[in-house]
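A look at the structure
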Amino acid sequence: MTASSAAQPDQDPFILKVENLTKRYGATVALSDVSLSIRRGTIHGLLGENGAGKSTLVGLISGQRVPTEGAIFLDGAPIANVDVKAMEKAGVFLVTQEPMIIDHATAAENLMLGIWPSKNGFVNWRKLRDDAARMLEGTHIDPQALAGRLDAVARRKLNILRAMFGGGKVIILDEPTAALTVEDRAQLFAFMRQLKAQGVTFIFISHYNDEILEICDACSVLRDGVLAGGTEDVGSLTSEQLSELVLGRGLALFQRERRTFADEAPVVRVRNVENGHLAIPEFDLHAGEIVGFTGLPGAGAKELARALFGLVPSQGSIALEGQATRPLPADPRAAFDMGIAFLSDDRRRDGNIASMSIGENISLSSLAAVATSGFLKPEAEKALSQRYFQAMGIKAPSPATVVDKLSGGNQQKVCLGRVLATNPRLLILDEPTRGIDVGVKQDVLRIIDGLSKSGVSVIIVSTDTDEIVRAVDRVCIFENGAIRVQLSGEAITSERLRQGAEANA
Amino acid sequence: MSQVTTAAATKPSTAQPKREGGRYVLGWVLHNVVWIWLIALVIFFGLFNQFFFTTFNLQNIMVQATVLGMIGLAVALPLLVAEIDLSLPANLGFSSAIGALAYSDLGLPWFIAMLVGVAVATAIGFFNGLCITKLRMVSLIQTLSMMIILQGALLALTQGRTLTNLPDGYVWIGQAAIGGWPIMPVIFVVALILVAVILRRTVLGRSIYAVGGNPVASNSAGIRVDRIKIITYTIAGFLAGVGGFLLGSWQMAITSNQGSSYLLYAIAAPIIGGVSVFGGRGNVVGVLGGVMLLTVIQVGLAIVSVPSFYVGMIGGVMIFIAVAIDAIRVRYFA
């Protein structure tokens with residue numbers, strides 16, 4: 001009688017247990033002897049630095065990988081030698097960090113991916129459409145919209161909904177808030193609480209302490225592949241205690257000493273930027289100033305950053321100190337040559353060449369500086385790579401290590417090193433600390449802070465309000481392709497930023 | 001009340017050095033599989049027929065490897081930028097016919113005529129580059145259609161005849177020898193070194209690897225991706241043009257389907273030698289290994305007098321094994 005077990009009042013309070021789980025890849029131990037229990041109907045946080053073993057653990061639980069040693073129990077029953085499909089059938093769904101979306105299929109089709117209503121191998125399209133429409137009620141997502149056209153939240157929701165309607169009892173969310181704004185996040189959390197009330201159990205991975213404290217009931221912390229600690233009652237913890245568990249040491253969060261530039265002449269003057277998404281009549285920047293760009297997705301913060309670097313063709317002009325007023329750069333090469341550098345928000349897409357070494361990545365944007373008439377000077381290149389390899393504090397045996405093998409935070413440092421090696425005068429950073437852990441995040445913010453002291457002007461595009469409060473001198477809040485609000489000095493607070501552009505409209 | 005528990009941090013056990021060593025050896029073997037496979041086949045063919053070890057046969061292999069080497073080198077370049085050029089063997093044949101006709105029909109001196117042929121090949125490479133970058137045509141299909149066009153054009157140009165009216169100067173390089181050693185392979189060695197220097201020592205070479213590794217990131221890193229791809233296709237066209245001249249010179253004839261038979265071998269050689277079809281990985285030494293391996297298979301099968309009906313199949317199986325071993329290497333030891 002398997003069906004009745006779920007209805008028993010004295011059922012196991014833990015829906016999922018893992019015991020002595022170990023995963024080895026050749027000589028590397030990704031996870032070592034981890035045991036933990038997850039209580040039914042709770043949101044269980046999973047924390048740890050990059051490379052601590054979070055992804056490995058959820059990969060094992062969701063059936064993507066097979067453990068080297070140890071056992072997993074779902075509802076008290078051991079599960080072994082299963083794949084993703086079998087685990088989904090058992091009710092365990094993994095919603096990965098990058099939304100698993102097929103861009104050219106509709107929202108409805110994505111929702112039903114792999115769980116199509118079918119008979120004899122033929123998909124019942126009518127039922128698929130009807131079911132999808134019912135699921136998407138109240139989410140403002142058009143079932144017939146192409147998934148590629150949906151925004152980040154909608155794509156994330158699609159994945160969670162798919163997990164939920166696929167009969168998910170345990171839904172694992174791997175950094176679900178990475179691409180979301182504060183509002184979207186609140187919406188997502190409300191959605192999670194609603195599902196939790198219906199008895200769904202969540203495993204929630206995040207880098208942000210405040211998110212863990214806000215939504216989780218219990219949490220476990222992984223460090224270097226072992227369980228570093230955990231608590232059944234998140235309410236008893238403070239943010240500092242969490243950080244300490246994650247890093248294993250006291251962590252000082254970075255805070256920039258804000259400066260005002262009222263009586264200085266600007267060194268970067270941007271005028272009349274226009275493209276399909278933007279209309280910025282003027283924007284000035286001072287030497288050594290750090291400005292934060294923020295706003296909802298599509299409001300113009302990212303768009304202006306990309307336009308200034310020549311990634312999006314745009315009208316408009318820019319004058320850097322000592323240079324004539326010129327049109328905005330036509331492509332990234334022209335931008336680098338003018339002294340403008342840009343760090344992408346997606347290091348896997350357009351940050352690093354993963355197949356090349358750290359050193360080759362670092363010098364990639366400055367090859368002309370380490371070559372004579374097209375021929376590379378190995379010593380000069382080596383010196384350049386070595387310099388930024390050390391300055392960024394990249395954790396790897398040497399600059400010859402292939403980037404592919406690095407953790408996310410170290411990959412981000414490689415990107416930053418490449419960008420800084422061009423000696424920029426205007427540095428544009430798009431979400432510079434996205435998806436990297438709290439320790440490396442402080443390193444990155446410190447590097448940027450130090451750079452500004454040498455006179456470089458910096459733009460940080462970010463949706464992380466905490467980061468903006470800690471790192472910038474001035475904030476521009478974007479709306480409808482324009483800068484709606486500018487804040488500086490004491491006016492920059494988390495509360496004010498969370499209100500967004502509307503508060504002053 | 002706080003319920004924080006801190007588990008004792010057990011040290012992750014380090015792997016046993018013995019297994020590590022075995023794995024290292026296996027990794028090394030797989031990394032150099034082309035060369036090991038090559039030596040094994042040389043010994044194998046040699047045991048079957050002593051003639052395989054003669055100087056004459058070595059010279060024969062070198063000459064045979066030259067044309068395949070030129071075209072394999074050419075094919076490797078677009079592969080490195082994560083594209084492909086299927087038209088190169090057809091380009092080789094077509095451009096050499098242009099060169100020959102420029103001599104015989106236009107009356108140009110043979111050297112100038114040869115240069116015209118190489119220039120045409122280079123221009124076709126450049127044009128392919130333009131199509132796949134500026135028009136965003138898919139390289140597989142664009143170069144496939146270009147291959148068909150060039151094969152057809154060669155047939156039209158020759159009217160099905162074989163061009164044999166080649167001047168002494170033109171055929172000299174294909175026949176010349178010093179003390180019995182042919183000098184044609186020297187051209188291949190020079191090309192090999194030049195491409196190696198470009199790839200390893202120049203900004204262009206680094207850019208080629210970067211574009212092949214990740215074109216979007218390369219653009220953001222300030223590399224003009226389209227320009228790099230066009231230059232790569234142009235160099236490939238040039239190499240095919242030189243290869244066309246060498247083939248015509250060596251055979252002392254240009255047939256109406258000159259070069260076409262090289263298509264599959266020319267693509268197989270760099271891939272066997274470790275050039276990734278996904279771009280960004282591979283080097284000249286690997287291409288040389290792939291070329292030598294394929295040539296030894298071809299020559300060896302002929303020498304051990306495998307009946308001609310089986311040559312294609314056995315050769316194919318040998319290539320398959322080489323590629324499968326390489327795939328295993330990438331899967332488990334990359």
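Cut-offs and rules
Residues numbered from 1 in each chain as written. Chains lettered and ligands numbered in written order. Predicted model: local features only at pLDDT ≥ 70, side-chain atom pairs only at ≥ 80, totals over all residues. Heavy atoms only, no water. Salt bridge = Lys/Arg side-chain N within 4 Å of Asp/Glu carboxyl O. Helix = DSSP H or I, 4+ residues; strand = E, 2+ residues; numbered from the N terminus. Axes fitted to C-alpha atoms, helices over the stretch in contact; angles between N-to-C directions. Parallel < 35°, antiparallel > 145°, perpendicular 65-115°, else oblique. Left-handed = near helix turned anticlockwise from the far one by under 90°. Contact = heavy atoms within 4.5 Å. Nonpolar A, V, L, I, M, F, W, Y, C, P; charged D, E, K, R; others polar. Buried < 20%, exposed > 50% of the residue type's maximum accessible area, 1.4 Å probe, protein only. Pairing = 2+ DSSP bridges. Buried area = accessible area lost by both parts, 1.4 Å probe. Polar contact = N/O pair within 3.5 Å; in protein donor to acceptor, adjacent residues only side chain to side chain. Domains from an automatic or database assignment. Phe/Tyr/Trp six-rings, centres within 6.5 Å; stacked < 30°, edge-to-face > 60°.

The next subject is the pattern of salt bridges. Within this structure, the stated rule accounts for 28 salt bridges over all chains. Between D226 of chain B and R136 of chain B there is a salt bridge, with the nearest N and O atoms lying 3.6 Å from each other. Of the two residues, D226 of chain B is situated in helix α11 (residues 225-251) and R136 of chain B in the loop between α5 (110-133) and α6 (139-158); the sequence distance between them amounts to 90 residues. Look at the salt bridges and you will find they share partners, linking K302, D345, D346, R349, D350 and D430 of chain A into a network.

Here we take up the packing of helix α3 (residues 55-80) of chain B against helix α13 (residues 284-303) of chain B. Residue and element names in this part refer to chain B. For the pair α3 and α13, the least separation of the axes is 8 Å and the interaxial angle reads 135°. Accordingly, the angle class assigned to the pair α3 and α13 is oblique. With respect to the hand of their crossing, α3 and α13 are arranged in right-handed fashion. On α13, the residues touching N57, N60, I61, Q64, A65, L68, G69, G72, L73 and A76 of α3 are V284, V287, V291, M292, L294, T295, V296, Q298, V299 and I303. Of the residues contributing to the contact of α3 with α13, the split by class is 13 nonpolar, seven polar and no charged.

Moving on to unusual backbone geometry. Note: most residues except glycine have negative phi, and most peptide bonds are trans. The phi angle at N480 of chain A is positive, at roughly 50°, despite the residue not being glycine. As for its position among the elements, N480 of chain A is in the loop between β23 (474-479) and β24 (482-488). By relative accessible area, N480 of chain A is classed as exposed at 66%. In this structure, S305 of chain B takes a positive phi of about 45° despite not being glycine. Looking at where S305 of chain B falls in the secondary structure, it is placed in the loop between α13 and α14 (308-333).

So, about the side chain of S355 of chain A. With respect to the secondary-structure elements, S355 of chain A resides in the loop between α11 (347-350) and α12 (358-363). Under the relative-accessibility criterion, S355 of chain A is labelled buried at 19%.

With that out of the way, let us pick up the pairing of strand β6 (residues 92-95) of chain A. Residues and elements named next belong to chain A. Burial along β6 is two-sided: V92 and L94 and F93 and V95, pointing in opposite directions, are all buried. Judged from the four bridges that link them, β6 and strand β9 (residues 170-174) form a sheet pairing that is parallel. Counterpart to V92 in the pairing with β9 is V170.

By a widespread convention, an interface's size corresponds to the accessible area lost as its parts come together. Each side of the interface is counted separately: chain A has 45 residues, and chain B has 36 residues. When chain A packs against chain B, the two sides together hide about 3000 Å² of surface, and 56% of this comes from carbon and sulfur. When the buried area of chain A at its contact with chain B is split by residue, I353, S355 and L376 of chain A rank highest and sum to 14% of it. Linking chain A with chain B are three salt bridges. For R224 of chain B, the salt bridge identified is with D331 of chain A, shortest N-O distance 2.7 Å. Viewed at the interface, chain B and chain A are joined by 10 residue pairs in polar contact (both at pLDDT 80 or more). Counting only elements with at least two residues in the side of chain A that touches chain B, the list comes to β2 (28-39), β12 (226-231), α10 (332-338), α11, α12, β20 (375-376) and α13 (378-391) of chain A. Sorting elements by how many residues they give to the side of chain A that touches chain B places β12 of chain A first, with six residues.

Here the focus is the pairing of β24 of chain A. All names here are of chain A. Direction of pairing for β23 relative to β24: antiparallel, over a ladder of six bridges. Within β24, the residue paired with I477 across the bridge is V485. Connecting the antiparallel pair β23 and β24 is a turn made up of two residues, with N480 showing a positive phi of about 50°.

Residue and element names in this part refer to chain A. Each domain of chain A was delimited in the assignment, giving domain 1 (8-101 + 150-247) and domain 2 (268-504). Using C-alpha coordinates to define each centre, domain 1 is positioned 32 Å away from domain 2. With both sides pooled, the region where domain 1 packs onto domain 2 buries about 1300 Å², and carbon together with sulfur makes up 51% of that total. Counting across the interface, domain 1 meets domain 2 through zero residue pairs in polar contact (both at pLDDT 80 or more). The residue makeup of the side of domain 1 that touches domain 2, split by class, is six nonpolar, three polar and five charged.

Now for the environment of R39 of chain A. Residues and elements named next belong to chain A. Structurally, R39 can be placed in strand β2. In the structure, R39 is positioned 179 residues away from A218 in sequence and 8.6 Å away in space, judged by C-alpha atoms. When residues no more than four places from it in sequence are discounted, the contact partners of R39 are P13, F14, I15, T201 and E232. Looking at R39, its side chain comes within polar contact range of the side chain of E232, at 3.2 Å.

Another point: the packing of aromatic side chains. Given two aromatic rings, their pairing is described by the distance between the two centres and the angle made by the two planes. Residues and elements named next belong to chain B. Counting across every chain of the model gives 13 aromatic pairs over all chains. Ring centres of W110 and F111 lie 5.5 Å apart, and the angle between their planes is 90°; on these two criteria the pair is classed as edge-to-face. The partly exposed category is assigned to W110, whose relative accessible area is 28%. Site record: aromatic cluster; members linked through ring pairs are F44, F45, F48, F52 and F53.

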